[in-house]
Amino acid sequence: MVRPSNGFLSALSADDYELIRTHLRTVDLPHEAVLVETGEMLSRAYFPHRGVISLIVKLAKGEHVQVAMIGRDSLLGAFSALGDANALNTAVVLVPGTASTLDIDRLRAAADRSASLRTQLARHGLAVYAQIQQTAGCNAAHPVESRLSRCLLQTHDLSGDFRLLLTQEAMAQMIGARRNSVSLVANTLQQANFIHYSRGHIQINNLDGLRQTACECYATVKMQYDRLLGP
C-alpha cells in the first residue's frame, strides 16, 4: 500500500501504520493558517507531505519568534499524543502544502497499544526539542546573515522546494531579528547570487553558498535529526 509522502508515516512498521491508517485524512495547509494557539488544546496531529509548519513564541510586546519548523520529515503533535495536548507555542503554516491529519485522541490510543509507535513519537518529539534548543542558542550568538542562511536551508530541506514564499516579516520571525536587518541581509545574499528575492518570493540559486554562509547550527540540527530519526 502506498503511504503518504511523510517521513514519520513512511517509517512506521506495517502493524503500527495499520493502527492509524483508516483514520488519516488529507487536508490542505493554507499559507499563514493557524493550526493551534499557545495554551489551546491541540486536537489533531499533522503529518506534512508538502509545506512547512512554523512553531512560534509570542511575546508580551507583540514580538513573534520562530523556535522550530516541522516539514515532510516529521509531525506536529508528537508529545501531545504521549501526554499533555496543551500547546506550548503557536503553530502557523509557513510554507503552504498538504498534510495527513489524525485526531490526537486516536493517535494516543494507537500509541497506548504499541511500544514501537510510542518510541517513534518520542524520537520525533526529541528531534523538534533539539531544534528548539539549537535555535535559542543560534539567535543569541550568531550573525543575522548566518541565521537567515540556516533558516533558508532548513526551509528548503523541509519543503523540498527551491522557490519559497517568505515575506520580510516571516523571515524576521524565523531568525528573531528586525525587518530592516532582514532586508539588508537578503540583499547581501542576493548580490552573492545565493538567492533571488522579490516581493516575498525567494528563489534559492546556490545551496552550497548558503551552507558556507550558515552557522554550525544547520549541520548540528541535521545531525541530531539523522541520529534520532535516521538519514
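Structural data are supplied above this passage.
Summarised in this report is the structure supplied together with it. Note that this is a predicted model, so its numbers are computed, not measured.

The subject of this paragraph is the nonpolar core. Phe-47, Leu-76, Leu-107 and Leu-121 are the most contacted members of the largest nonpolar core, which has 38 residues in total. For this core, the leading source of residues is strand 3 (residues 44-58), giving five residues.

Attention shifts here to the pattern of salt bridges. Tallying each qualifying case throughout the model produces four salt bridges. Between Glu-37 and Lys-58 there is a salt bridge; the shortest N-O distance is 3.0 Å. With Glu-37 in the loop between strand 2 (34-36) and strand 3 and Lys-58 in strand 3, the pair connects residues that are 21 residues apart, well separated along the chain. Take Glu-37: its relative accessible area is 26%, and that puts it in the partly exposed class. Overall, the relative accessible area of 40% leaves Lys-58 in the partly exposed class. Of the charged contacts, one joins Arg-211 and Asp-208 as a salt bridge, the two residues approaching to 2.8 Å between their closest N and O atoms.

This brings us to the side chain of Thr-101. Along the chain, Thr-101 falls in strand 5 (residues 90-103). Here the side chain of Thr-101 touches Ala-45 through a polar contact of 3.0 Å, landing on its backbone oxygen. Leaving out residues up to four positions away in the same chain, Thr-101 has contacts with His-23, Leu-24, Arg-25, Val-27, Arg-44, Ala-45, Tyr-46 and Phe-47.

Cut-off values and rules
- What you see as residue numbers is a count from 1 along each chain, following the sequence as written.
- The predicted nature of this model means local features are confined to residues of pLDDT at least 70 and side-chain atom pairs, given and counted, to a pLDDT of 80 or more, with totals for whole chains, interfaces and linings taken over all residues.
- In computing side-chain values, all of the structure's heavy atoms are included and hydrogens and water are not.
- In this description, a nonpolar core means a group of buried Ala, Val, Leu, Ile, Met, Phe, Trp, Tyr and Cys residues linked to one another through side-chain atoms lying within 4.5 Å.
- Throughout this description, buried means an accessible area under 20% of the type-specific maximum (1.4 Å probe, protein chains only), exposed means over 50%, and partly exposed covers the range between.
- For the purposes of this entry, the term helix denotes a DSSP run of H or I that reaches at least four residues, the term strand denotes a run of E that reaches at least two, and both are numbered from the N terminus.
- A pair is scored as a salt bridge if a Lys or Arg side-chain nitrogen falls within 4 Å of a carboxyl oxygen belonging to Asp or Glu.
- Each polar contact in these results corresponds to two N or O atoms within 3.5 Å; when the atoms are within protein, one needs to be able to donate a hydrogen and the other to accept it, and residues that are neighboring in sequence are counted only if both atoms are side-chain atoms.
- Any two residues having at least one pair of non-hydrogen atoms within 4.5 Å are treated as being in contact.

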